[in-house]
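Results of the structural survey
Each chain is listed here by its residues.
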Amino acid sequence: MAATAAVPRAAALLLPAAMLLLCLAGASSAANVTYDNRALVIDGVRRVLVSGSIHYPRSTPDMWPGLIQKAKDGGLDVIETYVFWDIHEPVRGQYDFEGRKDLAGFVKAVADAGLYVHLRIGPYVCAEWNYGGFPLWLHFIPGIKFRTDNEPFKAEMQRFTAKVVDTMKGAGLYASQGGPIILSQIENEYGNIDSAYGAPGKAYMRWAAGMAVSLDTGVPWVMCQQSDAPDPIINTCNGFYCDQFTPNSASKPKLWTENWSGWFLSFGGAVPYRPVQDLAFAVARFYQRGGTFQNYYMYHGGTNLDRSSGGPFIATSYDYDAPIDEYGLVRQPKWGHLRDVHKAIKLCEPALIATDPSYISLGQNAEAHIYKAGSVCAAFLANIDAQSDKTVTFKGNTYKLPAWSVSILPDCKNVVLNTAQINSQATSPEMRYLGSNTETLDDPSITAELALSGWSYAIEPVGITKDNALTKPGLMEQINTTADASDFLWYSASVTVKGDEPYLNSSQSNLLINSLGHVLQVYINGKIAGSASGSASSSLISFQKPITLVPGRNKIDLLSATVGLSNYGAFFDLVGAGITGPIKLSGPNGALDLSSADWTYQIGLRGEDLHLYDPSEVSPEWVSANAYPINQPLIWYKTKFTAPAGDDPVAIDFTGMGKGEAWVNGQSIGRYWPTNLAPQSGCVNSCNYRGAYSSSKCLKKCGQPSQTLYHVPRSFLQPGSNDLVLFEQFGGDPSKISFVMRQTGSVCVHVSEAHPAQIDSWISPQQKVQRPGPALHLECPKAGQVISSIKFASFGTPSGTCGSYSHGECSSSQALAVVQKACIGVSNCSVPVSSNYFGDPCSGVTKSLVVEAACS
């Protein structure tokens, strides 16, 4: 298990002096990485580590340094990423590690920031990624069966895993070479589904473990959700809570590879979010009960660019309610409160690495865990009651514990942080609409600069237009036919009507089509007759509708479209798509089953073959005219625009469009589908963080489009003219789309007299200095900004949320003036939360200071 790693400078500052000297001595050379029953051990020193997932292909190389720096500033020691087989080997034996696929470049960027890497090779990744990260060509290898004791699969898996390991070794990136990679993962959540594979599944799992170890990376390997992972593989936990997890051996540490910071978004679903108080509670409980490594999945979710989203029906946004949002901006107060939690945990590190915790009951649903060894002592006091606050006695002192919270005591006496009490500021994201060619929205001065050049269009023909179309009897499953070369597959057949057919009622017949999904459009004699789609819960489609047939030959053209391929579950690779029947015409006197008729198949669209999405290729298909067709299906649109000035993140609001894909300067920003609405019910106005979280507990935007805003990475844009190409499947009006810049609106803080002091003011017990009280801290989010106005200030019993605060019955008349004096004109300020500064508007009541400020 020996390995080596450069020690992160960020973590070194939080270590005792002796450990700091040891770390700095080995910072530029190889260091030994092992593990014992308590923790990962780096250069003989146990480490308490905080990690976060950032997937390199879900952002762009120019974003990587900023994302990694924000992660470091947020208190992370480790960046965790999957390795995505499908993007690195799109064709068997042909590898691609360029651009967003530059895995070594990403790992080096993490190293440059002084952080470690956990490389989750898999190579099955799930990750809501298309086909779980497997390349589609794998499916067509003769005799192959995925993720079981199957020689063709094992040969391919070992070949790619070895390729990744060799690539990392070649760049000197493993810890044993002085690089940042201290941990690797083989397979992924296989224990959740391995029972479906029986004994061959267990044999495969043991083979995978042995194969990984044989690659001699010099760092420990893990298997997540694999309770029977063989030695020396460490089995780890994934979930919303992992404090009760126990490794399968007394010699292995307690590691948490996926702490779900939120949840993924599906087209047709409401937007999930996870309150930071609950997330902080889960983190503190894990370290309280013996954990020493936990990873946020995700710390930055990013964007499912191209056709990378899985599911099916996973949205293009992979924001995940992560501490750093899809656009690369910190999400407050989640980022800031977790940063404070990490600082509190690190203050406890000397005690955490020295011993196992001891347990003390503090009453019903209240407990303490104490780490004491020699002169060091740290304690965690938990109230796991989902309803009631509690007052407990610990070591002769009294502590108030809000419901569903943990107080952290780095000296076993003084509370440095409570997970339910947020000292960090909140920010309200603001989407600044820049308009389009027909609208002036928020900023007339910029609208002219962004004025689109007018739209060109190209009609995508209905039905079969390619010479390589295939005709055969019966219905063909879509994925086996297209190999996912395109979302689209045309099915085309014809019916001759004489007038006396039993399936006719006058000229009408009822058309039934059953499909495995995901989206179906029906054309009769070249005209749209209807459409249907599945959902994230069931991709199946049953289309029934009366259609009109004419005497003679009638053409039936069916366009089937996928919206990401399945990525999870036993035998997920065999989940099909497309029209498998039956297809029937029925009337009052009988029916005609077309399922076995001759069908002609065309993979993909004509516009795809012509590369209409690539502005560098000139095509006569494009029509430029003052008027262009709108609200009709199967149209390509193209225009030119000038990129918004500055460095604020850019998005496109596709309101007004139906469903399709968009390209900026030839690069796909993913599928758009603003007409797919979330259910009307299931959302809450305010989600109570208390009590166990689930993916459906906290939802917003019910009855609204799942996603209207689509991120355009800044690196996709160029100075001067830019090209935007859309393929619209359902029908829409491109004049209604708008460019948007994501900015920070108000900055807000709510701190009460009962809160602990700001964590950076922590004073160790050895310092004989009076401990400070709680304080409100404001800071502008961007360098160069200053606090320009105080929109609201109240000391007393204010209520509300950022952007909608109101005074309570108890309110100091001095609050606004005091805060203005302390904060206006500076980039950051601190204001003590005390009646000594504001007067006492209501004695005997715990008061809060609430401030909303604007920066410019």
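Everything numeric here is computed off the predicted structure, so don't read it as measured data.

Let us now look at the sheet that holds strand E33 (residues 635–642). Spatially, the six strands line up as an open sheet ordered E32-E21-E33-E39-E35-E36, and their pairing is antiparallel. Sheet topology places strand E32 (623–624) and strand E36 (667–672) at the edges, where each strand pairs with a single neighbour. Two strands pair when backbone bridges link them, and strand E35 (residues 660–664) and E36 are joined in this way by five bridges, in the antiparallel orientation. Its bridge partner being in E36, Gly660 is matched across the sheet by Tyr672.

Taken in spatial order, the six strands make up an open sheet running E22-E31-E23-E28-E25-E26, and their pairing is antiparallel. Only two strands of the sheet have a single partner each, and these edge strands are strand E22 (470–473) and strand E26 (527–533). Ignoring strand direction, the axes of neighbouring strands in this sheet form an average angle of 25 degrees. Looking at chain direction, strand E25 (residues 519–524) and E26 are connected through six bridges and run antiparallel. Note that in E26 the partner of Val519 across the bridge is Ser533.

Moving on to the state of the cysteines. Here a disulfide denotes a covalent bond joining the sulfur atom of one cysteine to the sulfur atom of another. In this structure the tally under the stated criterion is eight disulfides. One disulfide in the model links Cys377 with Cys412; its S-S distance is 1.9 Å. Torsion about the S-S bond of the Cys377 and Cys412 cystine: about -80 degrees, corresponding to left-handed handedness. With Cys377 in strand E15 (residues 376–383) and Cys412 in the loop between strand E18 (405–409) and strand E19 (417–418), this pair connects stretches of sequence that are 35 residues apart. Overall, Cys412 belongs to the buried group, its relative accessible area being 5%. For Cys780, the disulfide goes to Cys855, at an S-S distance of 2.2 Å. In this structure the cystine formed by Cys780 and Cys855 twists about its S-S bond by roughly -90 degrees; its chirality is therefore left-handed. One end of the pair, Cys780, is in the loop between strand E41 (775–779) and strand E42 (787–796); the other, Cys855, is in strand E44 (residues 848–855), with 75 residues separating them in the sequence. Each of the two residues, Cys780 as well as Cys855, counts as buried.

Moving on, we get to the environment of Trp663. As for its placement among the helices and strands, Trp663 is situated in strand E35. Distance in space between the C-alpha atoms of Trp663 and Ser595 is 37 Å, their sequence separation being 68 residues.

On to helix H6 (residues 151–170). Look at H6: 28 Å from first C-alpha to last across 20 residues, which is about the 28 Å you get at 1.5 Å a residue. For H6, the set of buried residues is Phe153, Lys154, Glu156, Met157, Phe160, Thr161, Ala162, Val164, Val165 and Met168. The elements touched by buried residues of H6 are helix H4 (85–88), helix H5 (103–112), strand E6 (116–122), strand E7 (181–186), helix H7 (198–214) and strand E8 (221–224). N-capping of H6 is provided by Asn150, with a side-chain oxygen placed 2.9 Å from the backbone N of Phe153. Once H6 finishes, Gly172 follows within two positions and takes phi at roughly 65 degrees, a positive value.

With that settled, the discussion passes to the packing of aromatic side chains. Within this structure, the stated rule accounts for 53 aromatic pairs. Note on Tyr241 and Trp404: the rings are 6.2 Å apart at their centroids and 90 degrees apart in plane angle, and the pair reads as edge-to-face. Of this pair, Tyr241 sits in the loop between strand E9 (234–239) and strand E10 (255–260) while Trp404 is found in the loop between strand E17 (397–401) and E18, placing the two residues 163 residues apart along the sequence. By relative accessible area, Tyr241 is classed as partly exposed at 24%. Ring plane angle 20 degrees and centroid distance 4.8 Å describe the contact between Phe795 and Phe838, whose orientation is recorded as stacked. Of this pair, Phe795 sits in strand E42 while Phe838 is found in helix H15 (residues 835–838), placing the two residues 43 residues apart along the sequence. This pair shows no difference in class: Phe795 is buried, exactly as Phe838 is.

What counts and how
Residues numbered from 1 in each chain as written. Predicted model: local features only at pLDDT ≥ 70, side-chain atom pairs only at ≥ 80, totals over all residues. Heavy atoms only, no water. Pairing = 2+ DSSP bridges. Helix = DSSP H or I, 4+ residues; strand = E, 2+ residues; numbered from the N terminus. Axes fitted to C-alpha atoms, helices over the stretch in contact; angles between N-to-C directions. Disulfide = S-S within 2.5 Å. Buried < 20%, exposed > 50% of the residue type's maximum accessible area, 1.4 Å probe, protein only. Expected span 1.5 Å × (residues − 1). Contact = heavy atoms within 4.5 Å. Polar contact = N/O pair within 3.5 Å; in protein donor to acceptor, adjacent residues only side chain to side chain. Phe/Tyr/Trp six-rings, centres within 6.5 Å; stacked < 30°, edge-to-face > 60°.

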